[in-house]
Every structure is written in structure tokens, then in C-alpha cells.
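The chain contents come next:
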Amino acid sequence: MEDLILNLFSILASTIRLATPLILAAMGGILAERSGTVDIGLEGKMLVGAFAAATVASLVQSPWLGLAAGMAVAVAMSLLHGVATIRYKGDHVVSGMALNFLASGLTLVLGQAWFEQGGQTPMLSNEQRFTPIFLPGADYLAANVPVLGPFYKTVLSGHTILVYLAFVIVAAMVFLLGQTRFGLRLRAVGEEPNAVDTAGISVPLLRYQALIGTGLLCGMAGAYYSMSQNAAFAREMTAGGGYIALAAMIFGKWRPVSAMLACLLFGLLTALEARLQGQSLPWVGEVPTQVFQVLPYVLTVILLAGFIGKAVPPKAVGRPYVKER
Amino acid sequence: MSEAASSLPAPVPKPKPITNKMPWWMNGLAIPGVQLLLALAVASLVVLGVGESPFATLKVMLVGALDPQAGLSSTLYYATSLIFTGLAVTVAFHAGLFNIGGEGQAYFAGLGVALACLWLDGTLNAPLMFLVAILSAVLFGAAWALVPAYLQARRGAHVVVTTIMFNYIAAGLLNYMLAGPIRSTEGMAIETRPIAEAALLPKAQPWLQAMGIEVGPSYLNLSLLVALICVGLVWWLLWFTRLGYALRTYGQNPRAAKYAGLSATSMIVIAMLISGALAGLMAVNDVYGAQGRLVLNYTGGMGFLGIAVALMGRNHPLGVLASALLFGALYQGSTDLQLEFPRISPELILVIQGLVVFFAAALDRLVRDPMERWYLRRQLKSVAH
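Calculation notes
- Residues numbered from 1 in each chain as written.
- Chains lettered and ligands numbered in written order.
- Predicted model: local features only at pLDDT ≥ 70, side-chain atom pairs only at ≥ 80, totals over all residues.
- Helix = DSSP H or I, 4+ residues; strand = E, 2+ residues; numbered from the N terminus.
- Rg over C-alpha atoms; globule rule 2.2 N^0.38 Å.
- Buried ≥ 20, exposed ≤ 12 C-beta atoms within 10 Å, placed from the backbone.
- Contact = placed C-beta atoms within 7 Å.
- Axes fitted to C-alpha atoms, helices over the stretch in contact; angles between N-to-C directions.
- Parallel < 35°, antiparallel > 145°, perpendicular 65-115°, else oblique.
- Left-handed = near helix turned anticlockwise from the far one by under 90°.
- UniProt positions renumbered as here; feature names shortened; annotations may be inferred.
- Expected span 1.5 Å × (residues − 1).
- Core = buried A, V, L, I, M, F, W, Y, C linked by C-beta atoms within 7 Å.
- pLDDT = per-residue confidence, 0-100.
- Nonpolar A, V, L, I, M, F, W, Y, C, P; charged D, E, K, R; others polar.

A count of helices and strands for chain A gives 13 helices and two strands. In terms of C-alpha radius of gyration, chain A reaches 20 Å, essentially the compact-globule figure of 20 Å for 325 residues. Taken over the C-alpha atoms alone, chain A extends approximately 65 × 50 × 40 Å along its principal axes. Buried residues in chain A amount to 53% of all 325 residues. Long-range pairs, those at least 24 residues apart, make up 76% of the contacts in chain A with a sequence separation of at least 6.

Set out below in C-alpha cells:
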């Protein structure tokens, strides 16, 4: 029994760790799409963010400067998407795809040329990366309080600052979108840009602002991969996380808390994949690991098919705003 | 409109009407050409940033890729795959659909070809096996596009999102199959057993040699002919058949198509089935024609590169053919690159791919608007004189 609980807690802890970059990227996706910009470039922004963060952190010995660099580069890429879709009214999906290709190519070409380690960046020492934070009294509580003590120690404590930040950001997103003037305008511009324009608010400016937010969050998600979960950038290290975040955003129906829960669900699937590899389950026998890999995508398709509620995107998403109509 | 026009006095006939419609060479050559140059210019900056000369790099890429003794036949081999995946994007595009699932459709078709070949390679001779491979590639490729098509048509699930998801689902499924059920029992590589020699067609090299043409060894095979036939078929389908007209009508204006009595469901499903089948044919080139076995991740991004090919080729079969050759050369060239410049990784092709899609499609108007204005000004001037 004791063992089972500890096992469960350690699965929950790795769920949280695995879900963190998805949560950050999904929040970025929500900002972009609620403002009317389709963003399938989450993956690319995370990838360049991870690369820039690990590169700068290894050069200047500071995780915070690394994080800042990752966020800055991701914002730059996000603004490129903005220029293509807002200024030049290009297709949102095409632009996002282009930037994803560019991100995979650039990180590999520059990484190989600069470090000559097959696309990897130099290993980061513990001073150069984000390390786990142990909350006060974790060991004491784990030793003296049954169940809740170990829960506190394993599940709540021992994550890096970015993990805690991700959950703070979800709360901030709820507040931003629901309670602030900016958030209401942002949502309006994704539904009825004409109305926003009539009210004398600049549609492009709002969309650019949202995309800057997307860049910041994706950069942070990328930095999490290369500086928190790992200690270097490796080729294609985001491994489709951007698309899972996109799926989570849709699964959460473009709402921050629901998207966070979807990310946690997808994180749990990945955690189980690692845990159940080669193990036989009662009734079903051995489950192939690939089942856990594809489940997020299968679930999202089922959701999109309308079998689990209905996912309705923001009304004006993907459509360029033409002022003179 | 017509009544108002008839009440006006007859207009003075003009020698050449001035419209803002661009001639074919503007849309087909000049504008894409400038966009390609822009993309290559930015890629050159990356090469400069790496510390190599862009001109030397491009020279190595093109010389290697176009030399008949060395890279040309490999260029054509890559171009074959790209024609299939590029045409796949093109057909869907004309029906107003963006199929970015070519990668998954081609991968799943690889499973179909492998299953058919491994099952029948003991009984069928090479020409029959070739036909069976084509058939199974078409069936499996189309099947993988069917669910996204149906969900788009009947459930309103956006085809872009579902095809992305299906790319990953195909990868998971194939990973599973190749990890166990159909994996070769010999060797460490994650692949199926080789298809029996007797069921395989010889590659192009011995055929060309017999005709007195010396080429370097490559994977080039008969699938190139299938690809060229597909170029012709897609052209014929889109512009010379009722179905093609219906698909293009639906793509341009779904509501008009509905009033004309076309069913949106069948338009979407037909377009996606053809698109998936074309993407699937890449498996004939690779799994049957080249490797003679199914290898893990055999598609290697060719499905995605097809998006760049189609967009650069302006979604016209001939444009797809031309840009498939261009990207085939760049792809082959990027593999040569590493021998001459070890500092440049072959993934430079991804940078070029991204930049081409960005400048030729996403940022289309950056180049198009000023060039169209320039053309119209020039035309107005010629009338004024």
C-alpha cells in the first residue's frame, strides 16, 4: 500500500514536470488564437527558444540570461509570423509551417557550426541551469505525516522555478482574459474585429501584442526543455511538444484552465508510457508504448469530431482583418 | 450590370485592354523567381553566419546535384518523391483544403506497400508486383486521408489540425509495427525484411547503361515515369474534366458550388482521397523502388517538403514538376555539402525550405504587390505613348 502510494506520487510528480512546457506553450497558443491568429508554429518557437536559451546560458553562466535569450528569440519568430499574417495577410497555417521548418533547420545548422557536437549545445552545469527547489519542511513532513507528507515532498516540492511559474501563469491568464480591459479586447478581436475597430482600437496592434505574449511563453517553454528538464539542447528536442500543446489548447476549448488540465492529462500519458514500458497490466497485458504516444492525438481528433463536447474556435481566427469594408 | 452597359454608347475599341490581371510569366516566373532569390539571399546570410561562402556552398550543391556522372540521378530520385507529395498538396489546394498530412499518408502507404510485397513477393513477378505496389500505395495513402476528410466534411473538424494529428498517429502506428510485428528478424536496423529480388524491378542505372547512358549509381527507378504520368493526369483532371471543374469551383467558392448542386461532402472527400493517394505513391518510389524494404521514418520529411514544392510551384502541375526538380537538386546537394564543408550540416535544406515557403507563400504580397504595381505602371505608360 505504502509502495503503491509512493509510486502514484512519483507518477504525479513526473506528470507535472512533463506537462509544464505543454502548459506554457498552450497558454501561448491561447493568446494567439483568442486574438485571431492561428499559430501552428508553437513547436518552432519552442525549439528556437530551447536552442537560444541553452546557448546563451552556456556562454554567460546565467540561467536567467539564458531564459531571457530564449524568450527574446521566440518573440522575434512570433513577430515574423505577425508580419506575415497581419501586415501581409498571408495564410496563417502556411506561415506557421514555414517557421517550423526554419526553426528545425536553423537550430541544427547553427548548432553544428558553433559547437560541432552533432547539433548539441555544451552541457550546462547546475549553476547555468534551473535546478529543483525543495519547499521548506519537505523531509520533516514526509517522515512524520502519512500520505499528505509524501505528497507534499514528492508532488508539490522539488520542481524548478519554471514549473511553479507555469501554474502562476495559468492563473494570470485566467485573470488577464477574464478580468482586464486588455483581455476583453483581445478576445473581442478574435471574435469580431470589426467591432473592436469601430470602438477605435487598433486590431493589428492588439494582435501583435498577443503574439509577443505567445513568443514569451513559447520561449519559456523551450528554455524549460533545454535548461530545466535537460542540461543542454539536443536536436529536435521539443519532439512534437508544440503540436501536443496545440492539441491541448483545442482539447481545452481555448480556455486556460481546461487547456492546463488537458496538458496534465497528456503529461500523465507520457509519464505512464515511461513507467509501464515492458510491464504487464492486469486484464489488458502489455500495452505498447506507442499507444501512449498517440493517445493525445487520437483524443484530440475524437474531440474535434464532436464526440466529447464541441470545440469551437474563436470566430475570426485565421482570417486577415481588412479595414476598409 | 449588363443593362447599364447596354444603355451606354458603344465604347471606343481599344487596342489592348488594361486589366490588373497579370500575364502568365509574371505569376509563373517573375514573381516566384524573385521570391526564390529572396529566400536564397536570406539562406546565404545563414551560411555567412556559419562562416562559409554562400556562393561556394551553392556551387557545390548545384554542381554535385546536376552532374550526370554523380548526383543527377539521385536528384531525379528525390524529385520523384517530391512530385508525388507536391501534387498531393496541389490537388487538395484546388479544392480549398490544405493537406499537411502528406507525410503521414506517405508513411502509412509505406506500410501498405510493405505488407503487400512481403505477402506476395514469393508468387508475383516484378511487373505484377510493381502494379500491386502502386495499387496498395494508392489505397493506403487514400485511406489515411479519409478520416480527416470525413471529419472535415461532416463534423467540421479542421483538416489542417486533423492531418497534423494523423501524421503523429501514423508515426506511432508504424513505430509499433516496425518494432515488432513486421520487423526483420535479422540485423539491428529497424526495418522489414528485404523484398525478394525476383519481385523487384531493376533500378534505372542498368537500364540507362544498356541504352549507352552512363550515370552514377542511385535509387532512381521506374517510379519517375509514374510521377510524370501523374503530373499529366492531375493537369488533365483539374482543367479538362467535370470533376476537376467541380473541385476548383468548390475550392474557390463553396457556397457557389452548393448552389450549383455540388455536395460539399463529396468534394472534400474526393479531393482528399486523390491527395492522399498521390502522397501514398511516394511509397512506391521509396519502399518498393529504391530500398526494397520498409525502413523506420522512411519519409524523412519529404511529405512536408512537398508543401514547399507545391507552394513554390504555384499549385500548378508543371510548376510542381519544376520546383520538385529544384528541391530534388537542393536536397541531393545538401547531402553532398557535408563532404566539402563539414561545418554545414545537411539540414540547411530545412532552412531553405522554410524560407521558400515563407517568402513564396506566407509573405507572398511582400513581393507581389510592388511587382504588380510596377507592371501596371509600365502598361499604362505604354498606352500613354
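Continuing now.
Bringing the overall build of chain B into the picture now. Helix and strand counts for chain B come out as 17 helices and zero strands. When the backbone C-alpha atoms are referred to their principal axes, chain B occupies close to 85 × 55 × 40 Å. For chain B, buried positions account for 50% of its 385 residues. Counting contacts in chain B only where the partners sit at least 6 residues apart, residues at least 24 apart contribute 77% of the total.

What follows is about the packing of helix H5 (residues 102–120) of chain B against helix H13 (residues 282–291) of chain B. Helix-helix packing is described using two parameters, namely the angle between the two axes and the distance between the axes. Residues and elements named next belong to chain B. Where H5 contacts H13, the two axes come as close as 9 Å, and the packing angle between them is 45°. With respect to H13, the element H5 is oriented oblique. Note on packing geometry: the crossing formed by H5 with H13 is right-handed. Contacts between H5 and H13 pair Ala106, Ala109, Gly110, Val113, Ala114 and Cys117 from the former with Met282, Ala283, Val284, Val287 and Tyr288 from the latter.

UniProt annotation of "transmembrane region" (unreviewed entry) refers to residues 6–32, 67–86, 98–115, 161–184, 257–274 and 294–313 of chain A when read in the numbering used here. Taken end to end, residues 67–86 of chain A comprises 100% helix and 0% strand; its first and last C-alpha atoms sit 27 Å apart.

Residue and element names in this part refer to chain A. Compared with an ideal rise of 1.5 Å per residue, which puts 24 residues at 34 Å, helix H4 (residues 92–115) spans 34 Å between its outermost C-alpha atoms and is within 8% of the ideal. Along H4, 22 of the 24 residues are buried, which leaves the element largely enclosed by surrounding structure. Phi turns positive one or two residues past the end of H4, at Glu116, with a value near 50°.

At the interface, 39 residues of chain B touch 36 residues of chain A. Elements that contribute at least two residues to the side of chain B that touches chain A include exactly helix H2 (24–50), helix H6 (126–155), helix H7 (159–179), helix H14 (302–312), helix H16 (348–362) and helix H17 (364–384) of chain B.

We now examine the nonpolar core. Ranked by size, the top nonpolar core spans 228 residues in total, and within it Ala26, Ala248 and Cys263 of chain A together with Ile83, Val113, Leu281 and Val357 of chain B carry the most contacts. Discounting residues that sit within four places of it in the chain, Val357 of chain B has contacts with Val94, Met97, Ala98 and Phe101 of chain A together with Ile307, Ala308, Leu311 and Ala362 of chain B.

Taken residue by residue, chain B gives an average pLDDT of 88. The fraction at 70 or more is 95%. The ipTM, which scores confidence in the relative placement of chains, is 0.90 for this predicted complex, and the corresponding pTM is 0.89.

So, about the environment of Val312 of chain A. All names here are of chain A. If you trace the backbone, Val312 turns up in the segment after helix H13 (289–304). For Val312, a count of 9 C-beta atoms within 10 Å gives the class exposed. Separated by 58 residues in sequence, Val312 and Trp254 place their C-alpha atoms 8.4 Å apart.

Turning our eyes to something else, we now look at the packing of helix H12 (residues 256–276) of chain A against H13 of chain A. Residue and element names in this part refer to chain A. Across the interface, H12 lies against H13 with an axial gap of 9 Å and an inter-helix angle of 170°. In terms of axis orientation, H12 runs roughly antiparallel to H13. On H13, the residues touching Phe266, Leu269, Thr270, Leu272 and Glu273 of H12 are Thr289, Phe292, Gln293, Leu295 and Pro296. Here the residues of the contact of H12 with H13 sort into six nonpolar, three polar and one charged.

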